[in-house]
Amino acid sequence: MAAAESKPLLDVLTLDKPEQLKALGHPLRLRVLETLGAGDGEILTNRELASRLDVDPGHLHFHVRMLLRAGLIELADTGQGREKPYRAVARTVRVAPALLKSDATSDLRAAMLDEVQRGWAEHGSTGTFRAAQVTARITPERAVELIQELVEGAREAEDPSLGPIVITTVLHPPTTVDVDDV
């Protein structure tokens, strides 16, 4: 199906409720949101999503309903027939700072790490999985600005004719090394 014409995607949706984060706490729901938020916002039915993501439509329906209840996707108003079309409500999802500091982010962190591990397992030996790590002496605020610049740059460079790639960024203070582990 084509991109939504009647209602443009929000540029940014800021999540401020724990249940919204919980909705993102599964790798498949992250993939659904990424698929529906691609480009100018795809409109896809549950069956079309299932086909694109190579999963069972019945299994996917539970995850789509959870995203719908959390307000991360919506029913598109172009529905024809029995299959309901869905679309993302925003191109970018951000987590409110107060929610980031809570324990509510554990499901989301676990889903993101799981996605990275599955990506490595599936693509690590093919040369299509790339990773980089740098230790820098900058403020956490500047690091977040750099991540936002990356997100904006990726959005500007998008080519709808290409398949999606996942870019995951993480920042944290250096971990301590146990001498017994060396």
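Residues numbered from 1 in each chain as written. Predicted model: local features only at pLDDT ≥ 70, side-chain atom pairs only at ≥ 80, totals over all residues. Heavy atoms only, no water.

The buried fraction of helix α2 (residues 27-36) amounts to eight of the ten residues, a majority that puts the element mostly inside the structure. Residues of α2 that are buried: Pro27, Leu28, Arg29, Leu30, Val32, Leu33, Thr35 and Leu36. (Buried < 20%, exposed > 50% of the residue type's maximum accessible area, 1.4 Å probe, protein only. Helix = DSSP H or I, 4+ residues; strand = E, 2+ residues; numbered from the N terminus.)

What follows deals with the environment of Pro174. Looking at where Pro174 falls in the secondary structure, it is placed in the segment after α7 (140-156). Overall, Pro174 belongs to the exposed group, its relative accessible area being 66%. Linking Pro174 and Thr135, residues 39 residues apart in sequence, is a C-alpha distance of 7.9 Å.

Right, let's get into the pattern of salt bridges. For the coordinates displayed, the defined rule picks out seven salt bridges. In this structure, Glu115 and Arg118 form a salt bridge, with 2.6 Å as the shortest nitrogen-oxygen distance. Of this pair, Glu115 and Arg118 both sit in helix α6 (residues 106-123), three residues apart, roughly one helical turn. Residue Glu115 is classed as buried on the basis of its relative accessible area of 17%. Residue Glu149 is joined to Arg142 by a salt bridge in which the shortest nitrogen-to-oxygen separation is 3.1 Å. Of the residues examined, Glu149 reaches a relative accessible area of 44% and is grouped as partly exposed. A relative accessible area of 32% places Arg142 in the partly exposed class. Each of Asp114, Glu115 and Arg118 takes part in one network of salt bridges that share partners. (Salt bridge = Lys/Arg side-chain N within 4 Å of Asp/Glu carboxyl O.)

Turning next to the nonpolar core. In terms of nonpolar packing, the biggest core is built from 30 residues, with Leu24, Val32, Leu36, Leu49, Leu60 and Leu72 touching the most fellow members. Broken down by secondary-structure element, the contributors of at least two residues to this core are β1 (10-15), α1 (18-23), α2, α3 (46-53), α4 (57-69), β4 (85-88), β5 (90-95) and α6. Counting residues per element, this core draws most heavily on α2, which supplies five residues. (Core = buried A, V, L, I, M, F, W, Y, C linked by side-chain atoms within 4.5 Å.)

What follows covers the packing of α3 against α4. Axis separation between α3 and α4 bottoms out at 9 Å; the angle between their running directions is 110°. Considered as vectors, α3 and α4 are oriented roughly perpendicular to each other. In the packing of α3 onto α4, the handedness of the crossing is right-handed. Touching Asn46, Arg47, Leu49, Ala50 and Leu53 of α3 are Pro57, Leu60, His61 and Val64, all from α4. Residues that form the contact of α3 with α4 fall into these classes: six nonpolar, two polar and one charged. (Axes fitted to C-alpha atoms, helices over the stretch in contact; angles between N-to-C directions. Parallel < 35°, antiparallel > 145°, perpendicular 65-115°, else oblique. Left-handed = near helix turned anticlockwise from the far one by under 90°. Contact = heavy atoms within 4.5 Å. Nonpolar A, V, L, I, M, F, W, Y, C, P; charged D, E, K, R; others polar.)

Moving on: the packing of aromatic side chains. Evaluation of the coordinates by the stated rule reveals one aromatic pair. An angle of 80° between the planes, with centres 5.1 Å apart, marks the rings of Trp120 and Phe129 as edge-to-face. (Phe/Tyr/Trp six-rings, centres within 6.5 Å; stacked < 30°, edge-to-face > 60°.)

These figures capture arrangement, not role.
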